[in-house]
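Structure at a glance
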Amino acid sequence: MEIRANIAETVRRVMEERGKTLSELSTELDVPLSSMKNYANGTKNLRADTIEMLAGKFGITPAELISQFPAGLAEAEIAVRAAQVFSALPLEKQSQGIELFLKLVDLFYQEAEENGQTD
């Protein structure tokens, strides 16, 4: 994937993570909306100083900004967040959560079996 497309993907991901519209993100970062639109659409080649500025405002390295988002990283981040939230629960709630999770896994497995999607 080319650098402009990677930057566009990162801009959209940051918007989603922060729950912001492009306009709101533009205001938060103090970057003109027209520039943010170009970044989000992958229609503008960024200079090195702009890449450094944008990466700094996103709290990532320039390499992370221009590189393709690693496959599976979003899912891993969700799993880590779930584990953090789960570990903060009282032990009784953790036990209930484990029981419910295992029941859910069983339901998914049964559905997969019915659809011939198991190994």
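Each value, and the rule that gives it
Residues numbered from 1 in each chain as written. Predicted model: local features only at pLDDT ≥ 70, side-chain atom pairs only at ≥ 80, totals over all residues. Heavy atoms only, no water. Helix = DSSP H or I, 4+ residues; strand = E, 2+ residues; numbered from the N terminus. Rg over C-alpha atoms; globule rule 2.2 N^0.38 Å. Buried < 20%, exposed > 50% of the residue type's maximum accessible area, 1.4 Å probe, protein only. Contact = heavy atoms within 4.5 Å. Areas by Shrake-Rupley, 256 points an atom, 1.4 Å probe, with all protein chains shown as cover. Lys, Arg positive; Asp, Glu negative; His and termini not counted. Charge placed at Lys NZ, Arg CZ, Asp CG, Glu CD. Salt bridge = Lys/Arg side-chain N within 4 Å of Asp/Glu carboxyl O. Core = buried A, V, L, I, M, F, W, Y, C linked by side-chain atoms within 4.5 Å. Arc of directions from axis to C-beta. pLDDT = per-residue confidence, 0-100. Axes fitted to C-alpha atoms, helices over the stretch in contact; angles between N-to-C directions. Parallel < 35°, antiparallel > 145°, perpendicular 65-115°, else oblique. Left-handed = near helix turned anticlockwise from the far one by under 90°.

Comments concerning the overall build of the chain
Across its full length, the chain holds seven helices and zero strands. Secondary structure of the chain in N-to-C order comes out as α-α-α-α-α-α-α. On C-alpha atoms alone, the chain measures out to a radius of gyration of 20 Å, which is more than a quarter above the 14 Å that the 2.2 N^0.38 rule sets for 119 residues. Considered along the principal axes of its C-alpha atoms, the chain spans approximately 50 × 40 × 25 Å. Within the chain, the fraction of its 119 residues that count as buried is 23%. A sequence separation of at least 24 residues applies to 48% of the contacts in the chain between residues at least 6 apart. Only carbon and sulfur atoms are counted for the fraction: they give 55% of the accessible area of the chain, which is about 8400 Å². On the chain, the mean spot of the 12 positive side-chain charges and the mean spot of the 19 negative ones are 12 Å from each other.

A short note on the pattern of salt bridges
According to the stated counting rule, one finds five salt bridges in the structure shown. When the shortest N-O distance is used, the salt bridge between R13 and E17 registers 3.6 Å. Here E17 and R13 lie together in helix α1 (residues 3–18), a separation of four residues that amounts to about one turn. The exposed category is assigned to E17, whose relative accessible area is 53%. Notably, a salt bridge pairs R47 with D49, separated by 2.8 Å at the nearest N-O pair. Note on R47: relative accessible area 55%, which makes it exposed.

Some details on the nonpolar core
Judged by nonpolar contacts, the single largest core of 17 residues is most densely connected at I7, V11, L25, M36, Y39, L54 and F58. Look past the residues within four positions of L54 in its chain and what remains in contact with it is I7, V11, L29, M36, Y39, L46 and L65.

Focus: unusual backbone geometry
Glycine aside, negative phi is the norm for most residues, and most peptide bonds take the trans geometry. Phi at D30 takes a positive value of approximately 60 degrees, unusual for a residue other than glycine. Of note, D30 is situated in the loop between α2 (22–29) and α3 (33–41).

So, α2
Within α2, the full set of buried residues consists of L22, L25, S26 and L29. Looking straight down α2, one finds its buried side chains confined to an arc of 105 degrees; they lie on one side. Along its buried surface, α2 packs onto α1, α3 and α4 (48–58).

Points about the confidence of the model for the chain
The pLDDT averaged across the chain works out to 89; a share of 97% of its residues lies at or above 70. By mean pLDDT, helix α6 (residues 73–87) is the weakest element of the chain at 85, and helix α7 (residues 91–114) is the strongest at 94.

A few points about the packing of α1 against α4
In the contact formed by α1 and α4, the axes pass within 12 Å of each other and the chain directions differ by 20 degrees. As far as their axial angle goes, α4 and α1 are roughly parallel. As for how α1 packs across α4, the hand of that crossing is left-handed. Each of I7, T10, V11, V14 and R18 in α1 lies in contact with α4, whose residues at this interface are I51, L54, K57 and F58.

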